[in-house]
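Reading the structure
Now for the letters of each chain:
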There are 2 protein chains.
Amino acid sequence: MKNITGGVCAAKGFKAAGIHVGVKTNNADKKDLALILADCDCAAAAVYTKNVVKAAPLLVTMDNLKDGRARAVLANSGNANACAADGEANAMRSCAAAAKELGIAPGDVIVASTGVIGQRLPVEVIENGIPELVSSLSYDGSDNAASAIMTTDLTMKQYAVELEISGKAVRIGGIAKGSGMIHPNMGTMLAFLTTDCAVSAPLMQEMLAEATRISFNRVSVDGDTSTNDILCILASGLAGNVEIAAQGADYDAFAGALGTVCVELAKMVAADGEGANHFITCAVAGAASEEDAEALSKAVISSTLTKAAIFGADANWGRVLCAMGYSGVVFDQDCVDIAFESAAGRVDVCKSGRGLPFDEPLAKKILTVRDVTIDITLDSGTAGCVCWGCDITYEYIKINGDYRT
Amino acid sequence: MKNITGGVCAAKGFKAAGIHVGVKTNNADKKDLALILADCDCAAAAVYTKNVVKAAPLLVTMDNLKDGRARAVLANSGNANACAADGEANAMRSCAAAAKELGIAPGDVIVASTGVIGQRLPVEVIENGIPELVSSLSYDGSDNAASAIMTTDLTMKQYAVELEISGKAVRIGGIAKGSGMIHPNMGTMLAFLTTDCAVSAPLMQEMLAEATRISFNRVSVDGDTSTNDILCILASGLAGNVEIAAQGADYDAFAGALGTVCVELAKMVAADGEGANHFITCAVAGAASEEDAEALSKAVISSTLTKAAIFGADANWGRVLCAMGYSGVVFDQDCVDIAFESAAGRVDVCKSGRGLPFDEPLAKKILTVRDVTIDITLDSGTAGCVCWGCDITYEYIKINGDYRT
């Protein structure tokens with residue numbers, strides 16, 4: 001398997017586009033409507049937010065994907081179409097407008113939104129923009145689509161890989177966006193994947209659920225699980241491989257590659273968390289089970305106090321151990337080792353649950369680097385897990401103290 | 001029942017003191033050691049953090065309180081004595097030093113600590129300070145004790161009430177401290193209560209658990225449950241009342257008064273949350289059960305995004321509904337009404353799960369007031385609950401980016 005370029009258009013048979021139509025009223029330079037179109041009918045799978053309050057486009061998409069087939073993805077940024085007047089009607093109008101212009105069935109459109117909750121979607125603006133959007137579709141349009149789904153994101157998030165399945169080159173690629181209201185136990189924020197692999201919708205659903213578990217569900221920016229999270233994948237089958245069977249090497253290879261794409265996109269979401277100065281990786285080893293390791297790691301990357309300490313490049317490891325303590329996992333605090341690592345080095349700060357004397361200037365230097373790892377070892381077993389997050393900064397507060405305007 | 005002054009010394013038979021001994025090395029003006037002494041042997045009860053990682057003084061206190069009796073409370077700020085070398089030994093040395101100077105048994109001393117995790121307690125400094133601490137005990141020493149347990153707290157937290165039990169005036173009073181690492185599902189941070197009521201330790205334990213449930217466990221500052229939380233109460237019995245029975249009007253009156261003291265102290269903890277600009281009350285009505293109402297209210301006051309919106313005086317109610325959605329409670333999003341209230345007025349922002357047009361300048365004015373209420377009504381039943389929190393600010397990040405120095 002190798003990393004390739006092309007994002008959501010890397011796989012054979014996918015065009016994409018992204019333009020400004022005016023959902024984002026305050027900035028005409030910012031794209032706000034994205035479209036992904038497959039050349040042929042696709043097997044499709046998706047996972048959604050577990051928030052009880054679900055945005056209208058998710059409800060429409062769930063209905064549209066009941067048959068496991070889709071042709072296009074339409075997504076706007078700037079308005080979440082959640083808890084808003086005429087939510088489902090407007091999501092359906094968006095699908096219908098795109099479907100009409102594309103000459104496909106409205107039920108073959110996946111629709112998603114991201115932005116402010118509770119305000120009516122300006123669906124007329126979307127309808128009016130559809131012709132231009134469709135005319136700008138291209139096989140190298142991934143950048144445009146990736147930027148059109150951004151809200152407070154600072155970076156585009158794209159990733160793609162190529163692997164071999166039954167002697168054929170198969171590609172999986174995708175785009176995603178963060179960057180606030182991000183927390184484990186969800187689908188994700190918006191992430192759209194494509195592949196040219198021949199694979200059935202039920203198998204893909206199974207593999208997507210597993211890939212989500214080990215990627216987007218191991219990321220947290222701020223502990224708030226969004227109403228709008230959706231991760232979906234379209235498979236065109238144009239790679240010409242023998243369709244993947246329910247078990248065997250092909251299944252494992254495709255599932256592994258899908259996991260890689262999801263992990264890399266998830267890491268980009270965490271690294272570009274709202275206002276973030278640091279990308280934090282928390283690696284737990286020696287846990288009794290993967291579930292325990294994940295719960296411990298998630299508690300650490302979600303701890304506001306730990307995030308604030310990393311912001312300040314302060315090796316306050318007591319907050320790491322404290323977060324582990326309220327994670328719900330039972331462990332022996334006398335068997336915990338903690339270290340901080342980055343490109344600037346490594347410093348062991350806690351051994352067997354007790355503080356070690358350590359080189360404070362070195363620790364400060366290590367934690368001043370943007371990408372830092374919190375390395376935790378227990379004595380409870382052989383399981384491990386890695387989760388990803390970011391620090392909390394003045395900028396996060398600023399962004400979210402005045403988000404609607 | 002009436003509100004009275006005197007804090008932890010309001011009840012008959014309690015002296016208190018607080019001085020600087022040097023645990024807080026960076027500020028000789030800040031008191032860091034508190035002592036509460038009862039004139040006679042007391043029935044005692046306590047609740048502790050549910051964090052798996054428990055600070056050493058809590059383990060020692062649990063052991064000392066096995067007999068349900070105590071005479072004194074010794075507490076230091078500036079060092080948590082958690083995950084630190086010689087933790088239990090040093091907590092026991094602190095008890096022994098106080099006991100020796102007071103002429104009581106070491107097992108009758110409740111010991112607690114608050115401050116940085118993972119650093120060795122400078123127990124010699126505490127031992128050296130005990131004589132001066134004991135000599136400064138007085139019946140009006142509550143202020144000194146309350147200030148000696150403060151860390152990043154800006155205000156002293158004291159409260160006391162007087163009620164009548166079997167024809168006798170009975171008093172309950174206490175002191176508490178916050179202000180970071182505060183989150184529901186815990187004992188609390190440090191809170192020490194006294195009463196002159198005649199009441200057994202087992203009954204008091206029962207009433208204390210219930211009072212905790214409706215007070216400290218309904219507060220959140222930052223979602224981090226501390227390793228050091230403890231709430232305890234000493235009952236001298238000097239009020240001369242007939243000892244409270246397991247059921248009846250006296251039990252109800254005392255339990256109610258105890259609940260009031262805990263609620264008032266808990267509200268002070270939330271209002272003085274680290275860096276807070278706003279005190280947030282979230283009132284939920286119309287829920288199917290008190291548990292549901294509490295889970296919904298806690299999710300809202302714990303939501304980082306909601307806290308950031310209140311910081312910015314931004315009526316971003318979508319975040320309130322989003323937090324309710326991931327609270328774990330099942331409800332109908334189409335039956336939710338939300339309003340913001342303060343001394344500046346009230347604005348209804350969401351009706352039946354949909355956004356209402358509202359007066360933005362009025363909303364801004366309402367949310368600019370320090371004390372704001374988020375008023376939520378569902379259509380699921382008749383249960384309700386109120387929880388308390390605070391906003392998240394630049395100052396919170398600043399405090400916690402550089403806490404250890």
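Residues numbered from 1 in each chain as written. Chains lettered and ligands numbered in written order. Predicted model: local features only at pLDDT ≥ 70, side-chain atom pairs only at ≥ 80, totals over all residues. Heavy atoms only, no water.

What follows is about unusual backbone geometry. With phi around 45°, Asn81 of chain A is a residue other than glycine that occupies positive phi space. Residue position: Asn81 of chain A is located in the loop between β4 (69-79) and α2 (87-102). Its identity as a non-glycine residue notwithstanding, Cys83 of chain B has a phi of 55°, on the positive side. Considering the arrangement of structural elements, one finds Cys83 of chain B in the loop between β4 (69-79) and α2 (87-102). Judged by relative accessible area, which is 4%, Cys83 of chain B ranks as buried. (Helix = DSSP H or I, 4+ residues; strand = E, 2+ residues; numbered from the N terminus. Buried < 20%, exposed > 50% of the residue type's maximum accessible area, 1.4 Å probe, protein only.)

Here we come to the nonpolar core. Within the largest apolar cluster, 98 residues are counted, with the highest numbers of intra-cluster contacts made by Phe340 and Ile376 of chain A together with Phe340 and Ile376 of chain B. Ignoring anything within four residues of it in the chain, the contact list for Ile376 of chain B reads Cys282, Ala283, Val284, Ala285, Val300, Val320, Met324, Val336, Asp337 and Ile338 of chain B. (Core = buried A, V, L, I, M, F, W, Y, C linked by side-chain atoms within 4.5 Å. Contact = heavy atoms within 4.5 Å.)

All names here are of chain A. Burial of strand β6 (residues 157-165) is extensive: eight of the nine residues sit out of reach of the surface. Strand direction decides the pairing type here: strand β1 (residues 2-4) and β6, joined by three bridges, are antiparallel. Across the sheet, residue Asn3 finds its bridge partner in β6, namely Val161. By the bridge criterion, nine bridges tie β6 to strand β7 (residues 168-176) in an arrangement that is antiparallel. Along β7, the bridge assignment pairs Ile165 with Lys168. (Pairing = 2+ DSSP bridges.)

This part covers helix α7 (residues 290-302) of chain B. A turn of α-helix holds 3.6 residues, and therefore any two residues three or four places apart point the same way. The terminal C-alpha atoms of α7 of chain B lie 18 Å apart, and with 13 residues this matches the ideal 18 Å at 1.5 Å per residue to within 8%. Among all positions in α7 of chain B, only Ala293, Glu294, Leu296, Ser297, Lys298, Ala299, Val300 and Ile301 of chain B are buried. (Expected span 1.5 Å × (residues − 1).)

Structurally, Glu294 of chain A can be placed in helix α7 (residues 290-302). Setting aside residues up to four positions removed in sequence, Glu294 of chain A forms contacts with Arg213, Asn217, Arg218, Cys385 and Cys387 of chain A.

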